[in-house]
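Now for the letters of each chain:
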Amino acid sequence: MRFTRRDFLTFSGIALSGAVMGLPFESLADATNQRTPRLIVGTDKKLCSIDLKTGEETAIDIAIKAHSYLQHPHNPDRFWTMEKWKPMAAEVDFKTKSVVHYLQSPNNTTFAGHGFLSPDGDMLYAPIADLVTGDG
């Protein structure tokens, strides 16, 4: 049986919702391998961090619709988020509860989903697509 990405995300979301509703956050935190185990979620114009040990929520207003989340390798309170098929990305700091800065893709391009940070966290690698040619 083949699953599409949408099927996987739908069923994973249902399973995760059941896990979150049925298990204490501490159980999820124990299963993670982060210094500060947290769940990062986004809405249309907010990015939220939930500390899985304490249940504390921190929400930051951002000017983009968050799609993907990249944690800084040496600063666990900082995350990059990108819009999918849009030209904006943002770095947020949950310690200061602020947007550190925004990044715009080059002219006539858009971010095409997920990216990654260099091991030292100094460079963000993000896939982009050319709006004229469609090349990525």
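Just above, that's the structure.
Residues numbered from 1 in each chain as written. Predicted model: local features only at pLDDT ≥ 70, side-chain atom pairs only at ≥ 80, totals over all residues. Heavy atoms only, no water.

What to know about the pattern of salt bridges
- Going through the model one piece at a time under the given rule, you end up with five salt bridges.
- For Asp 77, the salt bridge identified is with Arg 38, shortest N-O distance 2.8 Å. Taken together, the positions of Asp 77 in the loop between strand E4 (68-71) and strand E5 (78-82) and Arg 38 in strand E1 (residues 38-42) put the pair 39 residues apart, joining distant regions of the chain. Like Arg 38, Asp 77 is buried.
- With a shortest N-O distance of 3.8 Å, Lys 65 and Asp 44 are connected by a salt bridge. Of this pair, Lys 65 sits in the loop between strand E3 (57-61) and E4 while Asp 44 sits in the loop between E1 and strand E2 (46-51); the two residues are 21 residues apart in sequence, bridging distant segments of the chain.
- Each of Arg 78, Glu 91 and Asp 93 takes part in salt bridges that share partners, so that together they form one network. (Salt bridge = Lys/Arg side-chain N within 4 Å of Asp/Glu carboxyl O. Helix = DSSP H or I, 4+ residues; strand = E, 2+ residues; numbered from the N terminus. Buried < 20%, exposed > 50% of the residue type's maximum accessible area, 1.4 Å probe, protein only.)

Here's the deal with the pairing of E2
- Across the six residues of E2, five count as buried, placing the element largely inside the fold.
- Of the pairings in the sheet, the one linking E1 to E2 comprises five bridges and is antiparallel in character. Among the inter-strand pairings, Arg 38 is bridged to a residue of E2, identified as Asp 51.
- Hairpin geometry of E1 and E2 is characterised by an intervening segment of three residues between the two adjacent antiparallel strands.
- Of the pairings in the sheet, the one linking E2 to E3 comprises five bridges and is antiparallel in character. Each residue of the ladder has a partner; that of Ser 49, found in E3, is Thr 58. (Pairing = 2+ DSSP bridges.)

A closer look at the sheet that holds E1
- Judged by pairing direction, the sheet is antiparallel, and its three strands sit side by side in the order E1-E2-E3 without closing on themselves. Where the open sheet ends on each side, the last strands, each with one partner, are E1 and E3. Adjacent strand axes in the sheet meet at a mean angle of 15° when their direction is disregarded. (Axes fitted to C-alpha atoms, helices over the stretch in contact; angles between N-to-C directions.)

Details of the nonpolar core
- Counting ten residues, the largest nonpolar core consists of Ile 40, Leu 47, Ile 60, Ile 62, Ile 64, Ala 66, Phe 79, Ala 90, Val 92 and Phe 94.
- Residue contacts for Ile 62: discarding those within four places in its chain leaves Lys 45, Lys 46, Leu 47, Thr 81, Val 92, Val 99 and Tyr 102.
- Of all hydrophobic cores here, the second largest spans six residues; its members include Trp 80, Met 82, Ala 89 and Leu 117. (Core = buried A, V, L, I, M, F, W, Y, C linked by side-chain atoms within 4.5 Å. Contact = heavy atoms within 4.5 Å.)

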